[in-house]
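Overview (structure and organization)
Below, each chain spelled out in residue letters.
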Amino acid sequence: ETGVTQSPTHLIKTRGQQVTLRCSSQSGHNTVSWYQQALGQGPQFIFQYYREEENGRGNFPPRFSGLQFPNYSSELNVNALELDDSALYLCASSAGGGGNYNEQFFGPGTRLTVL
Amino acid sequence: AQSVSQHNHHVILSEAASLELGCNYSYGGTVNLFWYVQYPGQHLQLLLKYFSGDPLVKGIKGFEAEFIKSKFSFNLRKPSVQWSDTAEYFCAVMTSGTYKYIFGTGTRLKVLA
């Protein structure tokens, strides 16, 4: 069974640029959630995708957007990068779908640095 | 707004000492509760979870947690820590009808050999 994978591992961008982060969910999982973990903080929920639709969103601006593909993999896109976007971005997959209390399995994260 | 508080940000213990990490949440309805651990250089892993039933739940590696509804708490315990328990521990809450974790800020545990 393959776990959650994310790419790239590290990324350096400059202010104003755009970035795309990728996530492959664990086998058998159809739901993907994205979290932002700033240094010294706990992960903060960005949004969740279930059956290719956004299923819920945290307190993040519209320049944070995502996609889920038919194979349940997902992308997180961030436009007009700001310095405060520097963080570890975590992807988590789960089975069952939105509103389900199923455990989420986390990937290793992508470390984004914005200069 | 719903929130999760972990009062101990840094804890240093000697091997064989007992551990208790506090977690309190603010939400009056039904919750599901989790403790995750992040070992150095590794990703978040589930230690234990509470959905319903016995409020004392046992997880991996000898960890346990007790859900006390009246205190809105879900404290993590281990009777005797090992050097390999050095890690960051996160408490998380999932409220009824939602699908997202609300995480605490984490507790960094260092166990001295």
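Model, not experiment: these values are computed from the prediction.

**Overview of the overall build of chain A**
Within chain A, the secondary structure is distributed over zero helices and 11 strands. From first element to last, N terminus to C terminus, chain A shows the α and β order β-β-β-β-β-β-β-β-β-β-β. Here the C-alpha radius of gyration of chain A, 13 Å, is about what a compact globule of 115 residues would show, namely 13 Å. Principal-axis analysis of the C-alpha atoms gives chain A an extent of 40 × 25 × 25 Å. A burial count over chain A gives 50% of its 115 residues as buried. By element, 46% of the accessible surface of chain A is carried by carbon and sulfur atoms, the whole surface being about 5300 Å². Between the mean site of the 7 positive side-chain charges and the mean site of the 9 negative ones, chain A shows a separation of 7 Å.

**Remarks on the pattern of salt bridges**
Evaluated as defined, the whole model comprises 10 salt bridges over all chains. Salt-bridge contacts for Arg63(A) lead to Glu82(A); the nearest nitrogen and oxygen are separated by 3.3 Å. Of this pair, Arg63(A) sits in the loop between strand S6 (53–57) and strand S7 (64–68) while Glu82(A) is found in the loop between strand S8 (74–78) and strand S9 (87–94), placing the two residues 19 residues apart along the sequence. When its relative accessible area of 16% is taken as the criterion, Arg63(A) is described as buried. Residues Arg77(B) and Glu66(B) are paired through a salt bridge, measuring 3.2 Å at the closest nitrogen-oxygen approach. With Arg77(B) in strand S9 (residues 73–78) and Glu66(B) in strand S8 (residues 64–68), this residue pair connects regions lying 11 residues apart in the sequence. The exposure class of Arg77(B) is partly exposed, given its relative accessible area of 22%. According to the relative accessible area criterion, Glu66(B) is partly exposed, its value standing at 28%.

**Examining the nonpolar core**
All names here are of chain B. Ranked by size, the top nonpolar core spans 29 residues in total, and within it Leu 33, Trp 35, Leu 47, Leu 48, Phe 74, Leu 76 and Tyr 89 carry the most contacts. Elements that contribute at least two residues to this core include exactly strand S2 (10–14), strand S3 (19–21), strand S5 (31–38), strand S6 (45–50), S8, S9, strand S10 (87–95) and strand S12 (107–112). Not counting the four nearest positions on each side in its chain, Phe 74 is found in contact with Cys 23, Leu 33, Phe 34, Trp 35, Leu 48, Tyr 50, Val 57, Ala 65, Glu 66 and Phe 67.

Cut-off values and rules
Each chain has its residues counted from 1, following the order in which its sequence is written. Chain letters and ligand numbers both follow the written order, the letters beginning at A and the numbers at 1. Given that the model is predicted, a residue must reach a pLDDT of at least 70 before its local features are reported, and side-chain atom pairs must reach 80 or more before they are shown or counted; all residues, however, enter totals for whole chains, interfaces and linings. No hydrogens and no water enter the side-chain calculation; it runs on all heavy atoms of the structure. The way it works is that DSSP assigns letters per residue, a run of H or I at least four long becomes a helix, a run of E at least two long becomes a strand, and they are numbered from the N terminus. Here the radius of gyration uses the C-alpha set of atoms, whereas the globule reference equals 2.2 Å times the residue count to the power 0.38. Classification of residues uses two cut-offs on accessible area relative to the type maximum, computed with a 1.4 Å probe and protein chains only: under 20% is buried, over 50% is exposed, and between them is partly exposed. Only the protein chains shown count as covering a residue, and every accessible area follows the Shrake-Rupley method with a 1.4 Å probe. A residue counts as positive if it is Lys or Arg and as negative if it is Asp or Glu; His and the chain ends are not included. Every charge is mapped onto a representative atom, which is NZ of Lys, CZ of Arg, CG of Asp or CD of Glu. When a carboxyl oxygen of Asp or Glu is within 4 Å of a side-chain nitrogen of Lys or Arg, the pair counts as a salt bridge. Nine residue types can take part in a nonpolar core, namely buried Ala, Val, Leu, Ile, Met, Phe, Trp, Tyr and Cys, and a core is a set of them joined through side-chain atoms within 4.5 Å. Contacts were defined at the residue level, with two residues in contact if any of their heavy atoms lie within 4.5 Å.

The values are spatial; any link to function lies outside them.
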